[in-house]
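Geometric and topological summary
Spelled out from the first residue to the last, the chains are:
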Amino acid sequence: MTHAERIARLRLIRTPHVGPVSWHQLMQRFGSGEAALDALPDLVLRGGAGKVRVAALDVATREFERVAALGARHIFSDEADYSPLLREVEGAPPVIIVRGDTAMLRRPCVAIVGARNASAIACRFARQLAVDLAARDVTVVSGLARGVDTAAHVGALGGSTAAVIASGIDIAFPPENAALQEKIATDQLLIAEQPPGSEPLARHFPSRNRIIAGLAHGTVVIEAAPRSGSLITARRAGDYGREVMAVPGSPLDPRAQGCNLLIREGATLVQNIDDVIEAVGPIDTRMVREGALPAFDFSVEPLCSAEIRDAERREIIDLLGPTPVAVDEVIRQSGHPASAVQLVLLELELAGRLERHAGSRVSAV
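Residues numbered from 1 in each chain as written. Predicted model: local features only at pLDDT ≥ 70, side-chain atom pairs only at ≥ 80, totals over all residues. Heavy atoms only, no water.

Before going further, it helps to examine the overall build of the protein. Each helix and strand counted, the protein has 15 helices and 12 strands in total. Whereas a compact globule of 365 residues would reach a radius of gyration of roughly 21 Å, the protein reaches 21 Å, a difference of no more than 12%. Principal-axis analysis of the C-alpha atoms places the extent of the protein at approximately 60 × 45 × 40 Å. A burial count over the protein gives 53% of its 365 residues as buried. Counting contacts in the protein only where the partners sit at least 6 residues apart, residues at least 24 apart contribute 73% of the total. (Helix = DSSP H or I, 4+ residues; strand = E, 2+ residues; numbered from the N terminus. Rg over C-alpha atoms; globule rule 2.2 N^0.38 Å. Buried < 20%, exposed > 50% of the residue type's maximum accessible area, 1.4 Å probe, protein only. Contact = heavy atoms within 4.5 Å.)

This is how it looks when you write it as structure tokens:
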């Protein structure tokens, strides 16, 4: 990949209203980041917006320079070092920023997540489970938050652990984990989706959680409230077809309600390392796809916006509303080819008139 193409791809994902799904659709439709950038103005205009605000060339250039100065690097979703498991999920990040050894992502991976205000016994359990997983050459994935996440990373330091953060690669959060974050970046693997300098805003955490779930063969939840980020991670894991596991707790402890709910819904009950290994496999490393085999074929699709009549475009738009609906349902009810519907949805998203949701659902903005 040329440097100019890498710059173009980064500009594309840093452009407003270009999300992971639309980025991949643009790449598949136009074959390269440079061609997709050239096509953006026409797509946005047909989507009902005015002039597109493409991320500036100097902004992307400075980001590459800043990341390199931090000892980190960008990895695009069709490059060999990108996680094979993460590449398979819906809405996989088009690019991640990493510090450390990406080879550990081609080992079996298990995520451990849980409450930030976890009990002492929960942290002890998470730490020991991570120790046991690391001893079996399993990479422990977590989010470097307080409580269970921190305990899991600490337990796995003797083996391999990958931390996914909601901030830029240069921002330590929580502050008390700054030394641990640096140690993981130096000796293990640190992953960020946001550009350098990004603060850990609330909207970034669900995105981080989907990466944690996507990196792992299975996710273990240890103490979680019913509406916690840990449950978001677990449900994403289930959506991706990965194993969901939970450690039971006292019904009198609010921190255990989320785990008990997951078990009631069918999650595997975990009491020790053997339960985890039984649930996820045992994992055979030969079943972990090689990173050198990208899942994406960025080749040009024949259909263009001009081939869709205004009446057809209006019929598709009229099927959308504020309530999320499955894209497959829009295709079925419209009666138009899937390629035409996907293109109209792409135009609307780029124009800021459509929002994508988990489970391949969309809604009008």
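This is not the end of the story, as more comes after the structure.
This structure, assessed with the given rule, holds 24 salt bridges. Of the charged contacts, one joins E312 and R309 as a salt bridge, the two residues approaching to 3.1 Å between their closest N and O atoms. Residue E312 is classed as buried on the basis of its relative accessible area of 16%. Overlapping salt bridges, with partners in common, bring together E5, R9 and D78 in one network. (Salt bridge = Lys/Arg side-chain N within 4 Å of Asp/Glu carboxyl O.)

Note on aromatic pairs: each is described by the distance of the centres and the angle between the planes. Applying the stated criterion across every chain, the model contains 1 aromatic pair. One cation-aromatic arrangement involves R9 over F76; the distance from NZ or CZ to the ring centre is 5.8 Å. (Phe/Tyr/Trp six-rings, centres within 6.5 Å; stacked < 30°, edge-to-face > 60°. Lys NZ or Arg CZ within 6 Å of the ring centre and 35° of its normal.)

The next point concerns the packing of helix 2 (residues 20–30) against helix 15 (residues 338–350). Packed helix pairs are characterised by how far apart their axes lie and by the angle those axes make with each other. Where helix 2 contacts helix 15, the two axes come as close as 11 Å, and the packing angle between them is 125°. In terms of axis orientation, helix 2 runs oblique to helix 15. Seen along the crossing, helix 2 lies across helix 15 with a hand that is left-handed. Facing S22, Q25, L26 and R29 of helix 2, the residues of helix 15 in contact are S339, Q342, L343, L346, E349 and L350. Looking at side-chain class alone, the contact of helix 2 with helix 15 contains 4 nonpolar, 4 polar and 2 charged residues. (Axes fitted to C-alpha atoms, helices over the stretch in contact; angles between N-to-C directions. Parallel < 35°, antiparallel > 145°, perpendicular 65-115°, else oblique. Left-handed = near helix turned anticlockwise from the far one by under 90°. Nonpolar A, V, L, I, M, F, W, Y, C, P; charged D, E, K, R; others polar.)

Now for the packing of helix 9 (residues 204–215) against helix 10 (residues 229–239). It is the contact of helix 9 with helix 10, at a shortest axis distance of 8 Å, that shows an interaxial angle of 45°. By the angle between their directions, the pair helix 9 and helix 10 is classed as oblique. Crossing hand, helix 9 versus helix 10: right-handed. For the pair formed by helix 9 and helix 10, the contact residues are N209, R210, I212 and A213 on the first element and G229, I232, T233, R236 and A237 on the second. Residue classes in the contact of helix 9 with helix 10 are distributed as 4 nonpolar, 3 polar and 2 charged.

This part is about the pairing of strand 5 (residues 161–165). With 5 of its 5 residues buried, strand 5 lies for the most part within the structure. On strand 5, burial covers both faces: T161, A163 and I165 on one face and A162 and V164 on the other are all buried. Of the pairings in the sheet, the one linking strand 4 (residues 139–142) to strand 5 comprises 3 bridges and is parallel in character. Bridge pairing links V140 to T161 in strand 5. Traced from strand 4 through helix 7 (residues 148–156) to strand 5, the parallel crossover comes out right-handed. (Pairing = 2+ DSSP bridges. Right-handed = clockwise from strand over helix to strand, strands pointing away.)

Helical geometry: 3.6 residues make up each α-helical turn, so side chains three or four residues apart lie on a common side. With 12 residues, helix 9 ought to run about 16 Å at 1.5 Å a step, and its terminal C-alpha atoms sit 17 Å apart, in line with that. Within helix 9, 10 of the 12 residues are buried, leaving the element largely enclosed by the surrounding structure. H204, F205, R208, N209, R210, I211, I212, A213, G214 and L215 are the residues of helix 9 that are buried. (Expected span 1.5 Å × (residues − 1).)

The topology assignment puts D253 in the loop between strand 8 (243–247) and helix 11 (257–264). In this structure, the C-alpha to C-alpha distance between D253 and S119, residues 134 residues apart in sequence, is 9.9 Å. Looking at D253, its side chain comes within polar contact range of the main-chain nitrogen of R255, at 2.9 Å. (Polar contact = N/O pair within 3.5 Å; in protein donor to acceptor, adjacent residues only side chain to side chain.)

The element helix 7 is extensively covered by neighbouring structure, given that 8 of its 9 residues are classed as buried. Here helix 7 has its buried residues at V148, D149, T150, A151, A152, H153, G155 and A156.

Residue F173 is joined to P174 through a cis peptide bond whose omega torsion reads -5°. Here P174 lies in the loop between strand 5 and helix 8 (178–187). For H17, which is not glycine, the phi dihedral falls at a positive 75°. Looking at the element boundaries, H17 is found in the loop between helix 1 (3–13) and helix 2.

Further remarks concern the confidence of the model for the protein. For the protein, mean pLDDT is 91; residues scoring 70 or higher make up 93% of the total. Low pLDDT (under 50) marks residues 285–297, which in the prediction has 25 contacts with non-local residues, meaning those over four places away or in another chain. (pLDDT = per-residue confidence, 0-100.)

Next up on the list: empty space enclosed by the protein. Going through the model one piece at a time under the given rule, you end up with 3 cavities of 30 Å³ or more. By volume, the largest cavity is sized at about 80 Å³. Surrounding the largest cavity, V113, G114, R116, A145, D149, R208, N209, G229, S230 and T233 form its lining. Of all the secondary-structure elements, those providing two or more residues to the lining of the largest cavity are strand 3 (109–114), helix 9 and helix 10. Ranked by the residues each element gives to the lining of the largest cavity, the list is headed by helix 10, at 3 residues. Split into classes, the residues belonging to the lining of the largest cavity amount to 2 nonpolar, 5 polar and 3 charged. Taken together, R116, G143, L144, A145, I165, A166, S167, F173, P174, P200, F205 and R208 make up the full set of residues lining the second largest cavity. Residues belonging to the lining of the second largest cavity are distributed by class as follows: 8 nonpolar, 2 polar and 2 charged. (1 Å grid on protein atoms, 1.4 Å probe; cavity = no way out; pocket = protein on both sides within 12 Å on 5 of 7 lines; lining within 4 Å. Points joined across faces, edges and corners; volume = space filled by probe spheres on them.)

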